[in-house]
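The primary structure of each chain is shown beneath.
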Amino acid sequence: MNLSGAVLIAMPGLGDTRFDHSVILVCAHSDEGAMGLVINKTVEELEFSDLLGQLDIPLSPEGRDIVVHMGGPVERGRGFVLHSSDYQSAGSMPIEGGLGMTATLDILQALAQGEGPERALLALGYCGWGAGQLEAEIARNDWLMLPEVQPDLLFAADADGKWASHLRAIGVDPLSLSTAGGRA
């Protein structure tokens, strides 16, 4: 089963504090492994305008201000823009569910000028899994899964509320989850 475009929702007893209450969009998945972006953890100490300044990208008055997210623990200095499919460049990668991901400066320049995709989320770093690792974590009940991305939930402004809203989208009351699991 290809999990590209699926959304992973961390179970309370996951055991890795880096992913506590995380919601991750799986951007790519194959027999060789998977790559995803955490979509609900913001980087409090970094504003988009500050990042643009570090990259010498001028911010015009029409420029967009998007929230910077912690995309995952791998390559934290690398940026990825998750966006609606209305933007394409040579560096864009389509993602199931009508999304795209671009990791080149052209999208940051477009956003700084008030252009680019209608919806966008900037993530620093990413999550990576080796061959079979993600499947094993799902089988171990580390993650619940929303099989198809829901853009309104994904791009919602309330990053802190995304975990609960994604759980509700699969019919799970966040208060009903336990850190202990079992098998019947």
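This one's a predicted model, so the numbers in the text were calculated from it and none came from an experiment.

Rules and cut-offs
Residues numbered from 1 in each chain as written. Predicted model: local features only at pLDDT ≥ 70, side-chain atom pairs only at ≥ 80, totals over all residues. Heavy atoms only, no water. Buried < 20%, exposed > 50% of the residue type's maximum accessible area, 1.4 Å probe, protein only. Helix = DSSP H or I, 4+ residues; strand = E, 2+ residues; numbered from the N terminus. Contact = heavy atoms within 4.5 Å. Salt bridge = Lys/Arg side-chain N within 4 Å of Asp/Glu carboxyl O. Patch = residues over 30% accessible without salt bridge, like charges linked within 9 Å, V, L, I, M, F, W, Y side chains within 5 Å. Areas by Shrake-Rupley, 256 points an atom, 1.4 Å probe, with all protein chains shown as cover. Lys, Arg positive; Asp, Glu negative; His and termini not counted. Charge placed at Lys NZ, Arg CZ, Asp CG, Glu CD.

K.L.:
Help me understand helix H2 (residues 105–112), please; the structure alone is not making it clear to me.
P.N.:
Two residues of an α-helix separated by three or four positions point the same way, owing to the 3.6 residues in each turn. If you check which residues of H2 are buried, you get Ile-107, Leu-108, Ala-110, Leu-111 and Ala-112. Buried residues in H2 make contact with helix H1 (48–54), strand S5 (74–84), strand S7 (99–102) and strand S8 (120–130). With its phi angle positive at about 85 degrees, Gly-114 sits one or two positions after the end of H2.

K.L.:
What exactly am I supposed to notice about the pattern of salt bridges here?
P.N.:
A side chain with one charge may pair with a side chain of the opposite charge, provided their charged atoms come close. Applying the stated rule across the entire model yields four salt bridges. Taking the shortest distance from any N to any O, the salt bridge between Arg-18 and Asp-16 comes out at 2.7 Å. For Arg-18, a relative accessible area of 45% translates into the label partly exposed.

K.L.:
Honestly, a negative patch on the surface in this entry has me stumped. Any pointers?
P.N.:
A contiguous patch of negative charge on the surface is contributed by Glu-44, Glu-45, Glu-47, Asp-50, Asp-65, Asp-158 and Asp-160. Judged by relative accessible area, which is 60%, Asp-65 ranks as exposed.

K.L.:
Looking at this structure, how should I read the environment of Ile-170?
P.N.:
As for its placement among the helices and strands, Ile-170 is situated in the segment after helix H5 (162–169). Taking the C-alpha atoms as reference points, Ile-170 and Ile-39, separated by 131 residues in sequence, lie 17 Å from one another. Excluding residues within four positions of it along the chain, Ile-170 makes contact with Ile-9, Leu-144, Met-145 and Leu-146.

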